[in-house]
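Listed below are the residues making up each chain.
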Amino acid sequence: MQDLAGKHIVLGLTGGIACYKSAELCRLIVKAGGTVQVVMTEAAEQFITPVTMQALSGRTVYTSQWDAREPNNMPHINLSREADAIVLAPCSADFIARLVQGRADELLSLMCLARPIDRVPLLIAPAMNREMWAHPATQRNLMQVAADGATVLGVGSGWQACGETGDGRMLEPAQLLEDITAFFAPKLLAGHKLLVTAGPTFEPLDPIRGITNHSSGKMGFAIARAAREAGAEVTLVAGPVHLPTPRGVSRIDVLSAEDMLEATLRAARSASIFIATAAVADWRPATHSEQKIKKDGSGKTPALSFVENPDILLAVAKSERAQAGKLFCVGFAAESENLVEHAKAKRERKGIPLLVGNIGPLTFGQDDNALLLVDAKSTRELPRAPKLTLARELMTEIAARLPDWRV
Ligand code: C5P
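This one's a predicted model, so the numbers in the text were calculated from it and none came from an experiment.

(A) Spatial organisation of a nonpolar patch on the surface. On the surface, I17, Y20 and F47 cluster together into a nonpolar patch covering about 330 Å² of accessible area. Note that Y20 resides in helix α1 (residues 19-31). Residue Y20 is classed as exposed on the basis of its relative accessible area, which comes to 54%.

Structural data, given as structure tokens:
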């Protein structure tokens, strides 16, 4: 997806072994439709060569403030004026200290200082040894660069090149791309707490077996990501799926519908938007055997009976908070035919302001989907597109309805 189409990123590399990951980050930005101008410090050149970065960005790399290629001999001015953002990845402890002091004795720090501060954001991906990261000087400097207007993207945790384990690793290139993309998204849901359920549920029969369905969770995870991009604080209640948690989203893993109900009701107490995308099992086995149900060789099959699961969406929609107009509820409907009629009827039955219909067999497990939005006044089709694109459009639709949904 061309998430960064039209964006020009100045990618600054400072001295750290994480420079090897910057090559991949550069590639990912270009693949996402952005253009990249690389600037490297002398220390960064010890870890990776400008040749590599030139090949991946398709532009010659700048390393010196005395670069005579610029007719006015002012690369620090020219490069920063063209940028939609400056991304420092990796940003070393030393470089953070330089930013705090407003140093300007080499090109990259000079360019950061000279950037138009209101127009060209500065994003920092720190990378260093865990002791350096935890040191009060580094933490103090990070607070100061953030107070001076930079966005600190955080660090990863784990095995470090020095052999130690802890915080301070540079985020992975894909995580950085997700953060950079989110940074540019309009903050339509700033100040909102959004709760979303996703995936199937698993209803145990015995310790080995259970009943579930083919929901992949992709739509709900895309919604969680799009909501975070739009500035919401996001809680994702996920059934058993193998999908990575979107950046900046807090995830609660559950198994059965009853677990999902409990986790959802708890999180709904402080949420302002609830989106139910989970394919909750309608029924669960009436009894749960503590031990494996065994074949006895007689050819007799076990007599299974079921009870109906709680309707999570209905329970949330009926809650005091939703009824008081403090929680905007959105439901999904997976149908196999007559989508418009079923979706309209389901919206009324659940008593919610917005219902999103889709055709079950055309969405389960797929990366693409098509949606039908039904509210009290109108219906609107969102044509087939990647789930993340649809999720972003859905956030815009929800944001537009929030101010007057009770009217
Ligand atoms: O009633 P039906 O299952 O068709 O409704 C689908 C909508 O209700 C979806 O938003 C789904 O997440 C939600 N739902 C629920 N709990 C259930 C069944 C459905 O939250 N037990």
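Still to come is the rest of the account.
(B) Focus on the site of the ligand. In the vicinity of the ligand, the residues found are A276, T277, A278, V280, P310, D311, I312, L313, G331, F332, K346 and K350. I312 places a main-chain nitrogen or oxygen 2.9 Å from a nitrogen atom of the ligand. When the free accessible area of the ligand is taken as 440 Å², the share hidden by the protein chains comes to 84%. Of all the elements in the fold, those that place two or more residues in the shell around the ligand are α11 (312-318), β16 (328-335) and α13 (339-350). Classifying every residue of the shell around the ligand gives 7 nonpolar, 2 polar and 3 charged.

(C) Region of interest: the sheet that holds strand β2 (residues 35-40). The sheet built from 5 strands is open, its strands ordered β2-β1-β3-β4-β5 with parallel pairing. Either end of the sheet is taken by a strand with one partner, and the two such strands are β2 and β5 (151-152). Pairing geometry for strand β3 (residues 85-91) and strand β4 (residues 122-126), over 4 bridges, is parallel. By the bridge assignment for β4, L88 is matched with I124. The sheet strands contacting helix α4 (residues 93-101) are β3 and β4, and the helix crosses β3 at an angle near 140°.

(D) Examining the pairing of β3 more closely. In terms of residue burial, β3 counts as a mostly covered element, since 7 of its 7 residues are buried. The alternating pattern of β3 places A85, V87, A89 and C91 and I86, L88 and P90 on opposite faces, both of which are buried. As defined by bridge partners, strand β1 (residues 8-13) adjoins β3 across 4 bridges and the pair is classed as parallel. Considered in β3, the bridge of G12 is made with L88.

(E) Region of interest: the packing of aromatic side chains. Counted under the stated rule, the structure contains 1 aromatic pair. A ring pair is formed by F183 and F184, whose centres lie 5.7 Å apart and whose planes are at 80°; its orientation type is edge-to-face. On the accessibility criterion, F184 (23% relative accessible area) is partly exposed. Across the ring face of F184, the terminal group of K7 is positioned such that the distance to the ring centre comes to 4.8 Å. In this structure, R69 packs its charged tip against the face of Y62, placed 4.1 Å from the ring centre.

(F) Summary view of helix α5 (residues 107-114). Counting buried positions over the 8 residues of α5 gives 6, a clear majority of the element. For α5, the set of buried residues is L107, L108, S109, L110, M111 and C112. In this fold, the buried residues of α5 make contact with β1, β2, α3 (75-82), β3, α4 and β4. Its side-chain oxygen 3.2 Å from the backbone nitrogen of L108, E106 forms the N-cap of α5.

(G) Fine view of the packing of helix α8 (residues 173-184) against helix α9 (residues 218-229). α9 packs onto α8 with a crossing angle of 55° between their chain directions and a minimal axis gap of 8 Å. Here α8 lies oblique to α9, going by the angle between them. Residue-level inspection shows E178, D179, T181 and A182 of α8 in contact with α9, the latter providing R225, R228 and E229. Here the residues of the contact of α8 with α9 sort into 1 nonpolar, 1 polar and 5 charged.

(H) Looking closely at the domain arrangement of the chain. Domains assigned within the chain are domain 1 (8-184) and domain 2 (193-283 + 306-404). Computed from C-alpha atoms alone, the centre-to-centre distance between domain 1 and domain 2 is 38 Å. Of the residues lining the interface, 7 residues belong to domain 1; the matching set on domain 2 comes to 6 residues. Together domain 1 and domain 2 conceal approximately 590 Å² of surface at their shared face, both sides included; 44% is due to carbon and sulfur atoms. When residues of domain 1 are sorted by the area they lose upon contact with domain 2, E178, D179 and A182 head the list and together hold 72% of the total. If you look at where domain 1 meets domain 2, you find 2 salt bridges. Across the salt bridge formed by R228 and D179, the nearest N and O atoms sit 3.2 Å from each other. Along the contact surface separating domain 1 from domain 2 lie 3 residue pairs in polar contact (both at pLDDT 80 or more). Grouping the amino acids of the side of domain 1 that touches domain 2 by side-chain chemistry returns 3 nonpolar, 2 polar and 2 charged.

About the cut-offs
- Residues numbered from 1 in each chain as written.
- Predicted model: local features only at pLDDT ≥ 70, side-chain atom pairs only at ≥ 80, totals over all residues.
- Heavy atoms only, no water.
- Patch = residues over 30% accessible without salt bridge, like charges linked within 9 Å, V, L, I, M, F, W, Y side chains within 5 Å.
- Areas by Shrake-Rupley, 256 points an atom, 1.4 Å probe, with all protein chains shown as cover.
- Salt bridge = Lys/Arg side-chain N within 4 Å of Asp/Glu carboxyl O.
- Helix = DSSP H or I, 4+ residues; strand = E, 2+ residues; numbered from the N terminus.
- Buried < 20%, exposed > 50% of the residue type's maximum accessible area, 1.4 Å probe, protein only.
- Near = heavy atom within 4 Å.
- Polar contact = N/O pair within 3.5 Å; in protein donor to acceptor, adjacent residues only side chain to side chain.
- Nonpolar A, V, L, I, M, F, W, Y, C, P; charged D, E, K, R; others polar.
- Pairing = 2+ DSSP bridges.
- Contact = heavy atoms within 4.5 Å.
- Axes fitted to C-alpha atoms, helices over the stretch in contact; angles between N-to-C directions.
- Phe/Tyr/Trp six-rings, centres within 6.5 Å; stacked < 30°, edge-to-face > 60°.
- Lys NZ or Arg CZ within 6 Å of the ring centre and 35° of its normal.
- Parallel < 35°, antiparallel > 145°, perpendicular 65-115°, else oblique.
- Domains from an automatic or database assignment.
- Buried area = accessible area lost by both parts, 1.4 Å probe.

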